[in-house]
Amino acid sequence: MDLEAVSGDVVDVALRLHRELGPGLLESVYEMLLAGRLEAMGYAVVRQQPIDVIFDGLRFEKAFKIDLLVAGRLLIEIKSVEKLLPVHGKQLLTYLRLTKQPVGLLINFGGETLKEGLRRIVNDYRPSAPPRLRVNQSSGE
């Protein structure tokens, strides 16, 4: 399944949800509704997927949870805060690196508009998204 098409569908559904509901609900509510709508479209969606981390030869079971995993490839981190902070993008980028996935979406339903709270984060991926939606770029890290 084309990752760009999946991302586009997620963004479209998220925009509609934000328009219909507005800000102010808990993250878990937006997560549940977004997952339900994506599943209704035929996507495989896993909520609160626990991820094990292996670091320095040690295994940490269920070290963190991915809010949504769509089509087995797209990580979605959902927030419901007044304004996204740089740490939110860094969190998702770390998740992408640890899971070796190329793309994630950071979606903040807490702002007045969803456009200001939507970030596409890439992990060594050659994206086609406009630069304003990207958190990290080829910086030679």
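Here the structure is a predicted model, which is why all the values come from computation and not from measurement.

Draft legend 1. Region of the structure containing the side chain of His88. Mapped onto the elements of the fold, His88 is located in helix H3 (residues 86-99). Excluding its chain neighbours within four sequence positions, the residues that come into contact with His88 are Lys79, Val81, Lys83 and Leu106.

Draft legend 2. Representation of unusual backbone geometry. A positive phi is found at Gln48, a non-glycine position, where the angle reads about 50°. Looking at the secondary structure, you find Gln48 in strand E1 (residues 45-55). A positive phi angle, near 55°, is found at Asp56, a position not held by glycine. With respect to the element layout, Asp56 can be found in the loop between E1 and strand E2 (58-70).

Draft legend 3. Local environment of H3. Helix length check: H3, at 14 residues, gives a terminal C-alpha distance of 20 Å against a target of 20 Å (1.5 Å per residue), a fit within 8%. Those residues of H3 that sit buried are His88, Gly89, Leu92, Leu93, Tyr95, Leu96 and Thr99. Projected onto a plane normal to the axis of H3, the buried residues spread over an arc of 155° and lie on a single side. In H3, the exposed positions that point more than 90 degrees away from the buried face belong to Pro86, Val87 and Lys90.

Draft legend 4. Quick look at the packing of aromatic side chains. In total, this model carries two aromatic pairs according to the counting rule given. With 4.3 Å between their ring centres and 5° between their planes, Tyr30 and Phe109 make a pair best called stacked. Of this pair, Tyr30 sits in helix H2 (residues 27-40) while Phe109 sits in the loop between strand E4 (103-108) and strand E5 (118-122), placing them 79 residues apart in sequence. Across the pair, exposure class does not vary: Tyr30 and Phe109 are buried alike.

How each quantity is defined
Residues numbered from 1 in each chain as written. Predicted model: local features only at pLDDT ≥ 70, side-chain atom pairs only at ≥ 80, totals over all residues. Heavy atoms only, no water. Helix = DSSP H or I, 4+ residues; strand = E, 2+ residues; numbered from the N terminus. Contact = heavy atoms within 4.5 Å. Expected span 1.5 Å × (residues − 1). Buried < 20%, exposed > 50% of the residue type's maximum accessible area, 1.4 Å probe, protein only. Arc of directions from axis to C-beta. Phe/Tyr/Trp six-rings, centres within 6.5 Å; stacked < 30°, edge-to-face > 60°.

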